[in-house]
Amino acid sequence: MKIIRLSLFFCCTPLIFSCNDKMEEPLGLELDFQPLEIGNYWIYQVDEIQYFGEGDSESYSFYFRDKIMDSFENEEGLDVFRLVRSKSIDGVDWQNESVFTLQMEKNSLVKKEGNQVEVTLVFPPMVGKSWDANVYDAKQADFYAITEMGIIHSIGTNQVNTLTVLQADEDDAIILRDKRYQVFGKGIGLVESYEEILQYCSRNECLGEQIIEEGRFRHLSISEYGKN
């Protein structure tokens, strides 16, 4: 289920950080685009394709459930929320898949999974605001931008105000296709995630024919959310 249309522009605006590391949820930051409370959960329907070579791929359909299990205070006095991602084929039987954390730091939503640290969203959100998602990581700079806000979507029986974070929009039609975005719903959190990262054959005999040598497509769309 594709619930939003990408805007194909990338407008960079300097990111201004708060000088107060401890988030007190000041008015106007709209932190409810990613609520963080113990017990919050989100269930996503997932469609995935893994590409292994020319004409060799496998498709999968399953569910992810992300749930905030607990929280702790780090050395800087910031609240860190621990989430467990579980996987299910039928939406009934779940197996733990991975663990990651979310925290608010300098008006940014920071996700940590293993050795990877990513700034997925900044506050207050506004169209055109951009930031380096790897600012807390040793990786090369990778700029994300908010490209749409105020788009209303039906999620279940609710009408939800959403924003779109464009993470990558590259397609040279010869060597590489890298298209990624995430959609956040006000009062809900992440409602959609789209990744299409493909490497095309670049040998002389197949250059420009968009023959996929390797890559992955993954689309998450929310099917249920709540707190328990």
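The notes below deal with the structure included here. Here the structure is a predicted model, which means the values were calculated and not measured. (Residues numbered from 1 in each chain as written. Predicted model: local features only at pLDDT ≥ 70, side-chain atom pairs only at ≥ 80, totals over all residues. Heavy atoms only, no water.)

**Some points on the state of the cysteines**
Argument step 1. Summed over the entire model, instances satisfying the criterion amount to one disulfide.
Argument step 2. What pairs with Cys 201 in a disulfide is Cys 206, and their sulfur atoms sit 1.7 Å apart. Like Cys 206, Cys 201 is buried. (Disulfide = S-S within 2.5 Å. Buried < 20%, exposed > 50% of the residue type's maximum accessible area, 1.4 Å probe, protein only.)

**Considering the nonpolar core**
Argument step 1. Of all hydrophobic cores here, the largest spans 45 residues; its most connected members are Tyr 44, Leu 109, Leu 121, Phe 123, Trp 131, Val 165 and Phe 184.
Argument step 2. Tallying contributions element by element places strand β11 (residues 189–200) first for this core, with five residues. (Core = buried A, V, L, I, M, F, W, Y, C linked by side-chain atoms within 4.5 Å. Helix = DSSP H or I, 4+ residues; strand = E, 2+ residues; numbered from the N terminus.)

**Here we look at the sheet that holds strand β6 (residues 116–122)**
Argument step 1. In spatial order, the strands read β6-β5-β4-β3-β2-β1-β12-β11-β10-β9-β8-β7; together these twelve strands make up an open sheet with antiparallel pairing. The strands lining the two open edges of the sheet, one partner per strand, are β6 and β7 (130–132). In this sheet, neighbouring strand axes are inclined to one another by 25 degrees on average, regardless of whether the strands run parallel or antiparallel.
Argument step 2. For β11 and strand β12 (residues 212–227), the ladder comprises nine bridges, and the chain directions are antiparallel. Pairing of Ile 197 across the sheet is with Arg 216, part of β12. (Pairing = 2+ DSSP bridges. Axes fitted to C-alpha atoms, helices over the stretch in contact; angles between N-to-C directions.)

**As for the layout of surface pockets**
A water-sized probe, rolled over the atoms, reveals where empty space remains.
Argument step 1. As a volume, the largest pocket reaches approximately 870 Å³.
Argument step 2. If you trace the largest pocket, you find 34 residues lining it, with Lys 111, Glu 113, Glu 118, Gln 182 and Glu 195 closest to the centre.
Argument step 3. Mapped onto the lining of the largest pocket, the elements with two or more residues apiece are β1 (40–53), β3 (79–88), β4 (95–105), β5 (108–113), β6, β10 (176–185), β11 and β12.
Argument step 4. Residue composition of the lining of the largest pocket, grouped by class: 13 nonpolar, nine polar and twelve charged. (1 Å grid on protein atoms, 1.4 Å probe; cavity = no way out; pocket = protein on both sides within 12 Å on 5 of 7 lines; lining within 4 Å. Points joined across faces, edges and corners; volume = space filled by probe spheres on them. Nonpolar A, V, L, I, M, F, W, Y, C, P; charged D, E, K, R; others polar.)

**Some points on the packing of aromatic side chains**
Argument step 1. Going through the model one piece at a time under the given rule, you end up with four aromatic pairs.
Argument step 2. Ring geometry for Tyr 181 versus Tyr 194: centroids 5.2 Å apart, planes at 10 degrees, classification stacked. You can see Tyr 181 sitting in strand β10 and its partner Tyr 194 sitting in strand β11, a full 13 residues away along the chain. With respect to class, Tyr 181 is no different from Tyr 194; both count as buried.
Argument step 3. The interplanar angle of 80 degrees and the centroid separation of 5.5 Å between the aromatic rings of Tyr 194 and Phe 217 together place this pair among those described as edge-to-face. Residue Tyr 194 is found in strand β11, and its partner Phe 217 is found in strand β12; the two are separated by 23 residues along the sequence.
Argument step 4. Taken together, Tyr 181, Tyr 194 and Phe 217 form an aromatic cluster joined through their ring pairs.
Argument step 5. Arg 85 extends its terminal NZ or CZ atom over the ring of Phe 64, reaching a point 4.4 Å from the ring centre.
Argument step 6. Taking the ring centre of Phe 62 as reference, the NZ or CZ of Lys 87 above it sits at 4.3 Å. (Phe/Tyr/Trp six-rings, centres within 6.5 Å; stacked < 30°, edge-to-face > 60°. Lys NZ or Arg CZ within 6 Å of the ring centre and 35° of its normal.)

**Quick word on the pattern of salt bridges**
Argument step 1. What the rule picks out here adds up to 13 salt bridges.
Argument step 2. With its nearest N and O atoms 3.0 Å apart, the salt bridge here joins Glu 196 to Arg 177. Remark: Arg 177 occurs in strand β10 and Glu 196 occurs in strand β11; sequence separation between them is 19 residues. Just as Glu 196 is buried, Arg 177 falls in that class too. (Salt bridge = Lys/Arg side-chain N within 4 Å of Asp/Glu carboxyl O.)

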